[in-house]
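# A closer look at the structure
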Amino acid sequence: MTIHIKQINKSFGQFQALHDINVDIKEGELTALLGQSGCGKTTLLRIIAGLETASSGQILFDQQDVTGLSAQQRDIGFVFQHYALFRHMTVSDNISFGLRMKPKSQRLSNQEIQAKVKNLLELIQLEHIEKRYPDQLSGGQRQRVALARAIATEPKVLLLDEPFGALDAKVRKDLRRWLREFHKEIHVTSIFVTHDQDEALEVADKIILMNEGKIEQIGTPEQVYKHPQSYFAAQFLGDMNLLDGYIHQGMLYVDGFQQKVTQTTSAHVVVYVRPHEMEVTKAPVKNSIKGKIIRVHTTGPTVQLEVHHIKNDSIEISISYAQFEREKFTVGDEVYMQPHLLNYFLQDELVEFMI
Ligand SMILES: Nc1ncnc2c1ncn2[C@@H]1O[C@H](COP(=O)(O)OP(=O)(O)OP(=O)(O)O)[C@@H](O)[C@H]1O
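Residues numbered from 1 in each chain as written. Predicted model: local features only at pLDDT ≥ 70, side-chain atom pairs only at ≥ 80, totals over all residues.

### Observations concerning the sheet that holds strand β10 (residues 214-219)
Test applied: Strands were regarded as paired on the criterion that DSSP finds at least two bridges between them. Working definition: helices are DSSP H or I runs of at least four residues, strands are E runs of at least two. Numbering for both runs from the N terminus. As a rule, the C-alpha atoms of each element are fitted with a line to give its axis, helices using only the stretch in contact, and angles between N-to-C directions run from 0 to 180 degrees.
Pairing within the open sheet is mixed, and its 6 strands lie in the order β6-β7-β8-β3-β9-β10. At either end of the open sheet lies a strand with only one pairing partner, and these are β6 (76-79) and β10. Averaged over neighbouring strand pairs, the angle between their axes works out to 15° when direction is ignored. Bridge count for strand β3 (residues 30-34) against strand β8 (residues 189-194) is 5 bridges, and the pairing is parallel.

Now the structure itself:
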């Protein structure tokens with residue numbers, strides 16, 4: 001099922017929560033609606049679901065206008081942040097609920113329902129606890145059951161509103177990997193709401209980045225991360241250093257670092273560099289930004305260095321553990337930094353180049 005969101009606007013009284021939203025979602029895609037709290041993600045999801053009416057605009061499923069249809073008529077599976085499992089039913093009964101509620105003419109036989117539930121239990125890897133009640137499950141297990149229940153009736157679209165929002169960090173991380181695999185198997189067009197950049201980057205085929213009721217950028221995780229098209233996108237996705245720079249006579253200057261650019265007009269610019277897109281050495285190098293290490297944070301395969309720099313307060317750099325061992329960086333060391341990919345904004349236009 002493809003989904004086309006056309007020119008959607010939504011106002012609550014005087015407040016406009018969504019402005020001119022246009023999105024095309026492909027068949028089988030797993031799309032993340034990403035943004036800060038209050039940016040309009042849930043409102044948009046609810047409009048797609050038919051749980052909320054738009055003030056203007058259209059929603060098309062497979063080119064068919066469903067704007068006037070109710071949630072039931074749209075044939076959608078839902079999973080919400082707070083598990084809505086039936087407490088008095090076992091895991092199996094929760095999963096089969098939608099199948100058993102179908103009108104008799106469309107209902108599968110008991111045997112077929114049992115077989116289907118068995119398949120779904122395998123898919124969510126909870127075959128061994130099918131007889132348990134929701135109270136006897138962990139939060140992560142409950143969300144897996146909620147997912148199985150949502151897809152049991154084979155909806156054409158699966159909508160997930162912060163499905164892992166109430167879980168702790170470790171379980172969340174496991175479940176997002178699991179969701180990726182799960183989606184590969186079922187391949188239903190899915191949209192999930194999240195405010196967590198890492199979750200969106202790791203799980204989604206496509207990210208819709210929202211800010212204050214508007215779309216900032218749409219793209220694959222790689223496109224949005226590597227080629228942010230706005231100041232907001234650059235800052236919101238992943239860690240980013242903001243450095244003061246200026247352009248004069250076709251050269252960009254950031255402290256002792258300079259680089260030829262195509263602009264000839266003089267201007268102050270904010271330069272963006274991701275922590276892993278900086279070279280760092282203790283040996284002085286020409287054409288670099290100088291600073292002093294004020295913190296070393298070793299976690300797993302990468303090491304984070306926080307470097308004090310007079311103009312830019314502190315710069316975060318991420319290096320491999322191997323380099324850290326080799327160069328033996330310690331607090332107080334003077335270091336020289338060279339960006340190898342940077343972006344800057346000039347009069348609202350993004351300029352990007354590799355060095
Ligand atoms: N029924 C309503 N009446 C009035 N204002 C509303 C209503 N529902 C949402 N809003 C407002 O619309 C804006 C968008 O809300 P929405 O719930 O879509 O945000 P969100 O991005 O999902 O946030 P969160 O991540 O906190 O759930 C918010 O400013 C919210 O206060």
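That covers the picture; the talk isn't over yet.
### Focus: the site of the ligand
Defined as follows: Here is the check we use: build the C-beta atom from the backbone, and if it is within 6 Å of the molecule or strand, call the residue near. Polar here means any residue other than Ala, Val, Leu, Ile, Met, Phe, Trp, Tyr, Cys and Pro, which are nonpolar, and Asp, Glu, Lys and Arg, which are charged; Gly is therefore polar.
Around the ligand sit Phe 12, Phe 15, Ala 17, Gly 35, Ser 37, Gly 38, Cys 39, Gly 40, Lys 41, Thr 42, Thr 43 and His 195, and those are all the residues in its vicinity. With 3 residues, the single largest contributor to the shell around the ligand is helix α1 (residues 41-49). Of the residues assigned to the shell around the ligand, the class counts are 4 nonpolar, 7 polar and 1 charged.

### Section: the nonpolar core
Note that soluble globular proteins tend to have their nonpolar side chains buried in a common cluster. Cut-off, in case you're wondering: Working definition: the nonpolar core is a set of buried Ala, Val, Leu, Ile, Met, Phe, Trp, Tyr and Cys residues, joined through C-beta atoms within 7 Å. Buried, partly exposed and exposed are defined by the number of other C-beta atoms within 10 Å of a residue's own C-beta, namely 20 or more, between the two limits, and 12 or fewer respectively, with C-beta atoms placed from the backbone. In this description, a residue-residue contact is defined by the distance between C-beta atoms placed from the backbone, which must lie within 7 Å.
With 81 residues, the main nonpolar core has Ala 32, Leu 33, Ile 48 and Met 337 as its most contacted residues. Tallying contributions element by element places helix α5 (residues 139-151) first for this core, with 6 residues. With sequence-adjacent residues up to four places away left out, Ile 48 is seen in contact with Ile 3, Ile 5, Ile 59, Leu 159 and Ile 191.

### What to know about the confidence of the model for the chain
Filter applied, for reference: Residue-level confidence of the predictor is summarised by pLDDT, bounded by 0 at the bottom and 100 at the top.
For the chain, the mean per-residue pLDDT works out to 90, and 97% of the residues sit at or above 70. Taken element by element, the predicted model of the chain shows its lowest mean pLDDT in strand β21 (residues 349-354) (63) and its highest in strand β1 (residues 3-12) (98). Taken together, the chains of this predicted complex give a pTM of 0.84 and an interface ipTM of 0.95.

### Focus: α1
Those residues of α1 lying buried are Lys 41, Thr 43, Leu 44, Leu 45, Ile 47 and Ile 48. One or two residues past the end of α1 sits Gly 50, with phi positive at roughly 90°.

### Quick look at the pairing of strand β13 (residues 257-260)
Two faces, one strand: in a regular strand the side chains alternate between the faces of the sheet. Here 4 bridges tie strand β12 (residues 251-254) to β13, and the two strands are oriented antiparallel to one another. By the bridge assignment for β13, Val 254 is matched with Phe 257. What sits between the antiparallel neighbours β12 and β13 is a turn of 2 residues, in which Asp 255 has the positive phi angle 55°.

### Points about the environment of Glu 127
On the secondary structure map, Glu 127 appears in the loop between α4 (110-123) and α5. Distance from Glu 127 to Val 91, taken between C-alpha atoms, is 9.6 Å for residues 36 residues apart in sequence. The residues touching Glu 127, leaving out its near neighbours within four places in the chain, are Leu 121 and Glu 122.

### Thoughts on unusual backbone geometry
Even without being a glycine, Gln 7 presents a positive backbone phi close to 50°. Along the chain, Gln 7 falls in strand β1. Using a count of 12 C-beta atoms within 10 Å as the deciding quantity, one classes Gln 7 as exposed. Residue Glu 162 is not a glycine yet carries a positive backbone phi of 45°. Within the secondary structure layout, Glu 162 lies in the loop between β7 (157-161) and α6 (169-186).

### Considering the packing of helix α3 (residues 91-100) against α5
What counts is decided by this rule: The scheme is simple: roughly parallel for angles under 35 degrees, roughly antiparallel for over 145, roughly perpendicular for 65 to 115, oblique for anything else. Here is the rule for handedness: rotate from the far helix to the near one, and if that takes an anticlockwise turn smaller than a right angle the crossing is left-handed, while a clockwise turn gives right-handed.
The interhelical angle for the contact between α3 and α5, taken along N-to-C directions, is 30°, at an axis separation of 7 Å. Overall, the two elements α3 and α5 adopt an arrangement that is roughly parallel. The chirality of how α3 crosses α5 is right-handed. In this structure, α3 uses Val 91, Asn 94, Ile 95, Phe 97 and Gly 98 to contact α5, whose residues at the interface are Val 145, Ala 148 and Arg 149. In terms of residue class, the contact of α3 with α5 is built from 5 nonpolar, 2 polar and 1 charged.

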